[in-house]
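Working through the structure, step by step
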Amino acid sequence: MTGTLWLVATPIGNLGDIAPRARETLEQSALVCCEDTRRTGRLLQHLGITARALAVCNDHTEHRLAERVANELAAGHDVAVVSDAGTPGISDPGERLVHAAINAGATVSAIPGACAAISALITSGLPTERFVMEGFLPRRGQERTDRLTDIAAEHRTIVLYEAPHRIVRTLADLTEICGGDRQISIGRELTKLHEETIRSTLAELRLEEPRGEYVIVIAGRPREQQTITEESIRDALEEALSRGLSRRDAAADVARRLGIPRRQAYDLVIQSPSPQEMNTP
Ligand code: SAM
């Protein structure tokens, strides 16, 4: 019999949010994998329990730890995974250990609980039926531009994590690419003493001296009434190329303006003649 890999959610602020089953699992597992032993140690102390063994699981160690976890599971021992706060595997380590457990033929089970993204989404007042989780945006470069372009074209509600020292810049970038009319909700310090939810449009939003932890929730792009045909996409691409944009940038620009997937625009733009070819008689 193989053991079970337990993915255990921990509080994102309020220590009262730990589930009784999480407590039992952390106490009974042969190994608790955590991001920071001191931080998890404090949680365990608060719960009045002592873990049998702790191992550090972060971007640098998760790969090596996967082998140890697979061995423990194969020996029939249970292993728990926690992150510093919230649900492991959601913008936090955990995914590699899940792969290792699946490959070892072990059961993978969640002990659900706090997740900042879900708390911010359900309190935002924005549509919850369909949403996408974007996690943290890349900090700079083409990768960031591409992700922002995808967000601008997205019709579902979008959830983002952001650090306090980068939130003003990210909100400015979102305003530029999505337009100021877009509805937004910011969940700050959720479950903590100074919890607040700020609902606004991107243009009207003011954050003074950002402090604490933030989740950004943005309304999806409204669907336009007009039907977008392949011909209209090709026309828009031709116009973008004639403005001197590269094929890649033209595809991103048209995808954003017409609210279509970037891939669709890209597939068509690679069939278009380049501006030089268009000018050749
Ligand atoms: N796995 C975690 C979860 O389930 O929510 C998220 C981990 S991620 C490394 C940390 C980010 O989550 C923070 O930068 C912030 O964007 C968001 N976050 C965590 N706790 C929060 C809180 N109490 N209020 C608002 N946002 C929070």
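What counts, and where the lines are drawn
Residues numbered from 1 in each chain as written. Predicted model: local features only at pLDDT ≥ 70, side-chain atom pairs only at ≥ 80, totals over all residues. Heavy atoms only, no water. Patch = residues over 30% accessible without salt bridge, like charges linked within 9 Å, V, L, I, M, F, W, Y side chains within 5 Å. Areas by Shrake-Rupley, 256 points an atom, 1.4 Å probe, with all protein chains shown as cover. Salt bridge = Lys/Arg side-chain N within 4 Å of Asp/Glu carboxyl O. Helix = DSSP H or I, 4+ residues; strand = E, 2+ residues; numbered from the N terminus. Domains from an automatic or database assignment. Contact = heavy atoms within 4.5 Å. Buried area = accessible area lost by both parts, 1.4 Å probe. Polar contact = N/O pair within 3.5 Å; in protein donor to acceptor, adjacent residues only side chain to side chain.

A cluster of nonpolar side chains, namely I118, I122 and F131, defines an oily patch on the protein surface of about 270 Å² accessible area. Tracing the chain through its elements places I118 in helix α5 (residues 116-124).

Below, the discussion takes up the domain arrangement of the protein. As far as domains go, the protein holds domain 1 (4-114), domain 2 (117-218) and domain 3 (230-278). Put simply, the middle of domain 2 and the middle of domain 3, counted by C-alpha atoms, are 28 Å apart. Each partner contributes to the interface: domain 2 provides 8 residues, whereas domain 3 provides 8 residues. Overall, the association of domain 2 and domain 3 removes approximately 640 Å² of surface from exposure, summing both partners, and the carbon and sulfur fraction of that is 46%. It is D146, T149 and A153 in domain 2 that bury the most area against domain 3; as a group they hold 53% of the surface buried on that side. On inspection of domain 2 and its partner domain 3, the count reaches 3 salt bridges. The partner of D146 in a salt bridge is R248, and the shortest N-O contact between them spans 2.6 Å. Here domain 2 is connected to domain 3 by 2 residue pairs in polar contact (both at pLDDT 80 or more). Element by element, the count of residues in the side of domain 2 that touches domain 3 is highest for helix α6 (residues 141-153), at 6 residues.

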